[in-house]
Amino acid sequence: MNNSSSGDIIAVDPGLYKENLVVNKSLIIISKPGETTETMIQAADPEKDIFYVAADNVTISGFNVTGTNKSGICYTESGGIIAGNKLVSDEYGIYLEKAENITIENNNASQNGCGVYFSDSSGNTLKNNEVSYNWLYGKEYRNGIFLENSSNNKLTNNNLLRNWDGIYLSNSSNNELNKNRVINDYFCIRLKNSNDNKLFGNTVKSIGYSYVITLTKSNNNILKDNSAGFMTEITVSSDLESKNNTLEGKQHIRR
């Protein structure tokens, strides 16, 4: 990549590579066969991110990214695409930090501390991803998808299974959660200090002793047509400081 120019396409042959990569140009970085199992990027230094993206309009697609105590892919700029990657055994699978207008789609993030983490990031799209078992590696966060101080993002058609928190919004407002499947997580969908979010048509099914949708100090959210499956009502747990939330469909609030 040192000899590349902005706008170049870098196609990587199948194999195992031990690298920590800093991407500071607008590049398209793809695996040649497009198979995440065949092109693996393992951290040379597990105390650094594997891909650290510090440029706009970067695409990273088709890699198996593993083995760091930091992030598999960390994106800090805008306008990028993260697609078709497998992220396993990282502290964070995908980490957006002050990033905008990133599309994250068709990735598989599993057995990380946190599958996908947004910090101070807005206007991003997260769709058609598989996010599961993200707590085995965790130290501080044990989440499937975690938004912190992040607003105006869209989460659509993601499948989440067996995470500690399936989707967790903290101090994050004006986000849309549409048609996600959040199954057998301890906290399926959790909002804390998060207002004016829209949760529409999500399938939310908890483990028997866990929590389905939880609202803590969260106001003016709209929950519509969420269910635990065909004709099954779900319970929304809400504290007394959560006000003016609207529930439509087979949902009821328990305080």
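Residues numbered from 1 in each chain as written. Predicted model: local features only at pLDDT ≥ 70, side-chain atom pairs only at ≥ 80, totals over all residues. Heavy atoms only, no water.

## What about the overall build of the protein chain?
Helix and strand counts for the protein chain stand at zero helices and 29 strands. On C-alpha atoms alone, the protein chain measures out to a radius of gyration of 18 Å, which is about the 18 Å that the 2.2 N^0.38 rule sets for 255 residues. Principal axes of the C-alpha set define a box for the protein chain whose edges measure 60 × 30 × 30 Å. Going through the 255 residues of the protein chain one by one, you find that 48% of them count as buried. The long-range share in the protein chain, meaning contacts at least 24 apart out of those at least 6 apart in sequence, stands at 38%. With 24 positive and 28 negative side-chain charges, the protein chain shows a separation of 7 Å between the mean positions of the two kinds. (Helix = DSSP H or I, 4+ residues; strand = E, 2+ residues; numbered from the N terminus. Rg over C-alpha atoms; globule rule 2.2 N^0.38 Å. Buried < 20%, exposed > 50% of the residue type's maximum accessible area, 1.4 Å probe, protein only. Contact = heavy atoms within 4.5 Å. Lys, Arg positive; Asp, Glu negative; His and termini not counted. Charge placed at Lys NZ, Arg CZ, Asp CG, Glu CD.)

## Examining a nonpolar patch on the surface
On the surface, Tyr133, Trp135, Leu161 and Trp164 cluster together into a nonpolar patch covering about 360 Å² of accessible area. Among the secondary structure elements, Trp164 is positioned in the loop between β18 (159-161) and β19 (165-170). (Patch = residues over 30% accessible without salt bridge, like charges linked within 9 Å, V, L, I, M, F, W, Y side chains within 5 Å. Areas by Shrake-Rupley, 256 points an atom, 1.4 Å probe, with all protein chains shown as cover. Salt bridge = Lys/Arg side-chain N within 4 Å of Asp/Glu carboxyl O.)

## Let's talk about the environment of Ser206
Mapped onto the elements, Ser206 comes out in the loop between β24 (203-205) and β25 (211-216). Given the relative accessible area of 18%, Ser206 is considered buried. Measuring from C-alpha to C-alpha, the distance between Ser206 and Leu161 comes to 9.7 Å, with 45 residues separating the pair along the chain. Look past the residues within four positions of Ser206 in its chain and what remains in contact with it is Asn184, Asp185, Cys188, Tyr211 and Val212.

## Description of the pairing of β19
Regular strands show a simple pattern: their side chains alternate between the two faces of the sheet. Along β19, six of the six residues are buried, which leaves the element largely enclosed by surrounding structure. Both strand β16 (residues 143-148) and β19 contribute to a ladder of five bridges, which runs parallel. Bridge pairing in β19 places Asn143 opposite Asp165. (Pairing = 2+ DSSP bridges.)

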